[in-house]
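Breakdown of the fold
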Amino acid sequence: MSAGVIHLPQTGGAAGFEVPLYRSLTEPILMGGAPRTVAITNGTLAAAVGLGLQLWIPGLVLWLVGHWLAVMGARVDPQFMAVFARHIKHRMLLDA
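Read on for a plain summary of the structure. Note that the structure is predicted; figures quoted are calculated from it, not measured.

Structural notes on helix H2 (residues 56-76)
Given a rise of 1.5 Å per residue, 21 residues ought to cover 30 Å, and the 31 Å separating the end C-alpha atoms of H2 matches this to within 8%. Of the positions making up H2, those classed as buried are Gly-59, His-67, Ala-70, Val-71, Gly-73 and Ala-74. An end-on view of H2 places all buried positions within 165° of arc, on one side of the element. Facing away from the buried side of H2, by more than 90 degrees, are the exposed residues Ile-57, Trp-68, Leu-69, Arg-75 and Val-76. Looking at the buried side of H2, the elements it contacts are strand E3 (30-31), strand E4 (34-35), helix H1 (36-52) and helix H3 (80-89).

Overview of the nonpolar core
Listed in full, the 5 residues of the largest apolar core are Ala-34, Val-38, Ala-39, Ala-70 and Val-71. Counting residues per element, the ones that place at least two in this core are H1 and H2. Apart from residues lying up to four places away in sequence, Ala-39 is in contact with Met-31, Ala-34 and His-67.

Overview of unusual backbone geometry
Phi is positive for Gln-54, close to 55°, though the residue is something other than glycine. Secondary-structure assignment places Gln-54 in the loop between H1 and H2.

Here's the deal with the side chain of Asn-42
Looking at the element boundaries, Asn-42 is found in helix H1. When its relative accessible area of 11% is taken as the criterion, Asn-42 is described as buried. Each residue touching Asn-42, except ones within four places of it in the same chain, is listed here: Leu-62, Trp-63, Gly-66 and His-67.

A short note on a nonpolar patch on the surface
On the surface, a nonpolar cluster with roughly 1100 Å² of combined accessible area is contributed by Leu-51, Trp-56, Ile-57, Leu-60, Val-61, Trp-63, Leu-64, Val-65, Trp-68 and Leu-69. A total of 9 residues in the nonpolar patch trace back to one element, the largest contributor, which is H2. By the element assignment, Val-61 lies in helix H2. The exposure class of Val-61 is partly exposed, given its relative accessible area of 45%.

Points about the pattern of salt bridges
On inspection of all chains with the given rule, the structure shows 1 salt bridge. A salt bridge links Arg-23 to Glu-27; the shortest N-O distance between them is 3.0 Å. Note on Arg-23: relative accessible area 47%, which makes it partly exposed. Its relative accessible area of 41% is what places Glu-27 among the partly exposed residues.

The rules behind the values
Residue indices begin from 1 for each chain and proceed along its sequence in written order. With pLDDT at 70 or above as the cut-off, local features in this predicted model cover only qualifying residues; side-chain atom pairs require 80 or more to be listed or tallied, and sums for whole chains, interfaces and linings still use all residues. Remark: hydrogens and water are excluded; side-chain values derive from all non-hydrogen atoms of the structure. Secondary structure is summarised from DSSP: a helix means a run of H or I of at least four residues, a strand means a run of E of at least two, and numbering begins at the N terminus for each. Helix span is expected to be 1.5 Å times the residue number reduced by one. The classification of residues rests on relative accessible area computed with a 1.4 Å probe and restricted to protein chains. Under 20% of the type maximum is buried, over 50% is exposed, and intermediate values are partly exposed. The directions from the helix axis to the C-beta atoms are what the arc is built from. Contacts between residues were defined by any pair of non-hydrogen atoms, one from each residue, lying within 4.5 Å. Among the buried residues, those of types Ala, Val, Leu, Ile, Met, Phe, Trp, Tyr and Cys that are joined through side-chain atoms within 4.5 Å form a nonpolar core. Here, patches come from residues exposed beyond 30% relative accessible area and free of salt bridges, joined within 9 Å for like charges and within 5 Å for nonpolar side chains (Val, Leu, Ile, Met, Phe, Trp, Tyr). In this description, accessible areas are obtained by the Shrake-Rupley approach with a 1.4 Å probe, and a residue is regarded as covered only by the protein chains that are shown. We define a salt bridge as a contact between a side-chain nitrogen of Lys or Arg and a carboxyl oxygen of Asp or Glu at a distance within 4 Å.

By themselves, these observations are geometric and do not establish any function.
Dropping the structure here:
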């Protein structure tokens, strides 16, 4: 068995049709524990505040808080941003 490849056992199917399942296809892409797109967006926004506006401390605080929130969200559900985007697209059916 290769490293990172899971070979599923045949269960009476057609002989020779074995599909390798790679871990990289099933695990989320995380950077520092946060989803990749969120980490890049957060870092870019914090760099724009810190470098562009020359507000070093607010930029650092923005990056730390944003990354911490993204890591906490990814611990609960690694695809929380996809779920949130889908949530935003749906219109409210029951108004309070």
